[in-house]
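An overview of the molecular structure
Residues per chain are reported as follows:
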Amino acid sequence: MINEEEFRKLITNRYVLFDTNVFIRAFQNFDSFEVLVSFLRGCEVDGVSFPLIKFEFLRTSFAPDNRKSREDFIDRIAPSSLSFRSQIIDDALDIARMYASKGVRGGESSKAISLVDCCIAAYLKQYATNLFLITLNHKDFPQLLFDRLFVFPIEAGDEVLPIAFYRFNVGKWNKCLEDFKKLGK
């Protein structure tokens, strides 16, 4: 990991993809997350999401006014949306296969990493130099393919939430591809 000053320089004028779990926690207690949003704005970072993250965040909003407030929340925090193309699914499948070949499991140790998290990884791979992930879900973004660059602690009531910033590491991916090719021999 790097220190805050180095991290600020690294993400300035770049993009941060918000994982669903950050949206959920921030929506529940935005007062605690204002410091994070302020930090990102100070670094002139643009927040982004994509349709499957919006789906995960909105699927528990039963009342129409709750859905509208959640949509407005996403638009305020992450106003840009990455386009969802079929190539993302193909890339996500490659990543899922890589995880499976290495025995990587998700947040619940008996389960494979979800489609949405594999799609997040695919976006991070596609935009590796300019896109960072912000998440509370550390097991679904293993150091096998990602670098955990910085942890931003958020005090939320009685708990401290370790919000982490990750970046896809192309060198690690290429090493895993070499290992993966050896499996077929």
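Quick summary incoming for the structure in this document. (Residues numbered from 1 in each chain as written. Predicted model: local features only at pLDDT ≥ 70, side-chain atom pairs only at ≥ 80, totals over all residues. Heavy atoms only, no water.)

Points about empty space enclosed by the protein
- Overall, the coordinates contain 1 cavity of 30 Å³ or more when judged by the stated rule.
- Each pocket or cavity is described by its volume, and for the largest cavity that value is around 50 Å³.
- What lines the largest cavity is Phe18, Val22, Phe23, Ala26, Phe30, Phe33, Leu36, Val37, Phe73 and Ile77.
- Secondary-structure elements contributing two or more residues to the lining of the largest cavity are helix H2 (20–28), helix H3 (30–42) and helix H5 (64–77). (1 Å grid on protein atoms, 1.4 Å probe; cavity = no way out; pocket = protein on both sides within 12 Å on 5 of 7 lines; lining within 4 Å. Points joined across faces, edges and corners; volume = space filled by probe spheres on them. Helix = DSSP H or I, 4+ residues; strand = E, 2+ residues; numbered from the N terminus.)

Some details on the environment of Leu52
- Inspection of the secondary structure assignment puts Leu52 in helix H4 (residues 51–58).
- What makes Leu52 partly exposed here is its relative accessible area of 22%.
- Along the backbone, Leu52 and Arg67 are 15 residues apart, and their C-alpha atoms lie at a distance of 15 Å.
- Each residue touching Leu52, except ones within four places of it in the same chain, is listed here: Phe84, Val116 and Cys119. (Buried < 20%, exposed > 50% of the residue type's maximum accessible area, 1.4 Å probe, protein only. Contact = heavy atoms within 4.5 Å.)

Description of helix H6 (residues 86–102)
- With 17 residues, H6 extends 25 Å from end C-alpha to end C-alpha; this agrees with the ideal 24 Å at 1.5 Å per step.
- Those residues of H6 that fall on the buried side of the exposure criterion are Ile88, Asp91, Ala92, Ile95, Met98 and Tyr99. Each buried residue of H6 lies within a common arc of 115° when the element is viewed along its axis, so the set occupies one face. More than 90 degrees from the buried face of H6, the exposed residues found are Ser86 and Ala100.
- Those residues of H6 hidden inside the fold are in contact with helix H7 (115–126), strand S5 (146–156) and helix H8 (170–183).
- Gly103 sits one or two positions beyond H6 and adopts a positive phi of about 75°. (Expected span 1.5 Å × (residues − 1). Arc of directions from axis to C-beta.)

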